[in-house]
Amino acid sequence: METFFSPAIKLSNQLSFKAKFILVSLLCAAPLLFFFATLSQQQLSIVENINYEHNASRFIVPLRNLTEHVAQTRGMTNVYLNGDQSIKDRIVQKRQQVAQDFQSLLTINQELKAKLATNGAPNNFSNRWQEITQNAFNGQAKQVFSQYTLLISDILNFMDTIGRQGRMLQDNDAANSYLINSLLHTIPNQVEALGKLRGKGAGVLSSNALTLENKLQVSALADNKNALILNKDIEYLFNEAPELSSTLSGHYQEVKQQLNNYLALATTEIIQADTASMPAKEFFAQGSQTISSLLLLFDRMQLTLDERMNNHVSYTPLRAHETVLALVCRLLLEQKKKNISYPTIRSMNFYVSFSLNNTTHETKYQHLSIIIIYKTNIHYQLMCKHTYIKQSAQQQA
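Nothing here was measured: the structure is a model prediction, and the numbers come from that model. (Residues numbered from 1 in each chain as written. Predicted model: local features only at pLDDT ≥ 70, side-chain atom pairs only at ≥ 80, totals over all residues. Heavy atoms only, no water.)

Q: Could you clarify how one ought to interpret the side chain of T77 in this entry?
A: Topologically, T77 is positioned in helix 2 (residues 17-81). In contact with T77, not counting residues within four places along its chain, are I91, A136, V144 and Y148. (Helix = DSSP H or I, 4+ residues; strand = E, 2+ residues; numbered from the N terminus. Contact = heavy atoms within 4.5 Å.)

Take a look at the structure:
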């Protein structure tokens, strides 16, 4: 063992006390610097991922609106092509809403297309929408319905792509993951299934075409598979974050009730019926009401996700600054208290100035609170030091 340490002992014997002290300090500082560099890299990576998620989430609302309004246009056009031409003015109004939705989507895409590699998909959707609407009133009901359905399917697929490109599906927070899955997949799929059922069912009732083929198609659309998946998503979300139950549970229970009622309505009025007794507009209106309740839940969950992500973004840099500040102050306090000096305070003041100058306005108040606590502790230790020196001098005298 002595042989192993002999080179270090020889080197140490050749150094002065000051040099030895500096060498030991550097050896102690090296692992701390490595730890700080690793911690900073981790925090920056977290912030980068959250910023990607936040950018991607900006696409969700316009895509949600676009899906809703295109589906409404599809359903009303199907009713129109099956004989009820009194609905034409409402179709024209809804097309104007869709045009506004596309404008919002294209504006966001212009800003973020490079970051999220959208590859011109929103522009492609807009062009296809214009082609479909130009010929919709003169086309065959089944063909036009299929064209709208394919467009909506591609929009939903694009929503999933944005979630992947924006790293939303890689969120480390379990509750956020459940929210994101519901927003990108479960609720949009349920809304689209209801939109198909609403459009198809209204068309069947409008033309009184209760054939076996139509009944089988409506039966497939009235399946509760998506409703069960949504129930599972909500259950896992509330288990992971019980505090969200107070804000989302009431909305979900309302959605669940309306969804079950509408699926039952499709069964009694179309699947099990021999003749059409319910007006097509009423069936369409009840479907729209059910979809609206689902989209209200979607909006609540979207706001909840935004709040959680924004809180995470603002807290992460603060946590990094707080950790460094805690390390600095703790090292100063845990080394022998008599070693604390006014040069130490000047060093702390330099760090404080650097920390605040590199902090956003929203978190400066929190930083100041932490800094005041640590600096108060150091000043208190200085007072103790001076009191100790004074008492020692009096005892020696």
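Here the narrative resumes, following the displayed structure.
Q: When you look at the pattern of salt bridges in this model, what are you seeing that I'm missing?
A: If the charged atoms of two oppositely charged side chains come close together, the side chains can form a pair. Taken as a whole, this structure holds eight salt bridges when the rule is applied. In this structure, the salt-bridge partner of R308 is D173, at a minimum N-O distance of 3.1 Å. One end of the pair, R308, is in helix 10 (residues 280-334); the other, D173, is in the loop between helix 5 (141-165) and helix 6 (174-207), and 135 residues separate them in sequence. Classification of R308 as partly exposed rests on a relative accessible area of 21%. Of the charged contacts, one joins E243 and R308 as a salt bridge, the two residues approaching to 3.7 Å between their closest N and O atoms. Here E243 is found in the loop between helix 8 (225-240) and helix 9 (245-271), whereas its partner R308 is found in helix 10, with 65 residues between them in sequence. Here E243 falls in the partly exposed class, since its relative accessible area comes to 49%. Residues participating in the shared-partner salt-bridge network are R64, E68 and D299. (Salt bridge = Lys/Arg side-chain N within 4 Å of Asp/Glu carboxyl O. Buried < 20%, exposed > 50% of the residue type's maximum accessible area, 1.4 Å probe, protein only.)

Q: Help me out: how do you make sense of the packing of helix 6 against helix 7 (residues 212-221) in this one?
A: Closest axis-to-axis distance for the helix 6/helix 7 pair is 9 Å, and the angle between their directions is 155°. With respect to helix 7, the axis of helix 6 lies roughly antiparallel. The way helix 6 lies across helix 7 gives a crossing that is left-handed. On the side of helix 6, the interface is formed by A193, K196, L197, K200 and V204, while helix 7 contributes N214, Q217, V218 and L221. Taken together, the residues of the contact of helix 6 with helix 7 sort by class into five nonpolar, two polar and two charged. (Axes fitted to C-alpha atoms, helices over the stretch in contact; angles between N-to-C directions. Parallel < 35°, antiparallel > 145°, perpendicular 65-115°, else oblique. Left-handed = near helix turned anticlockwise from the far one by under 90°. Nonpolar A, V, L, I, M, F, W, Y, C, P; charged D, E, K, R; others polar.)

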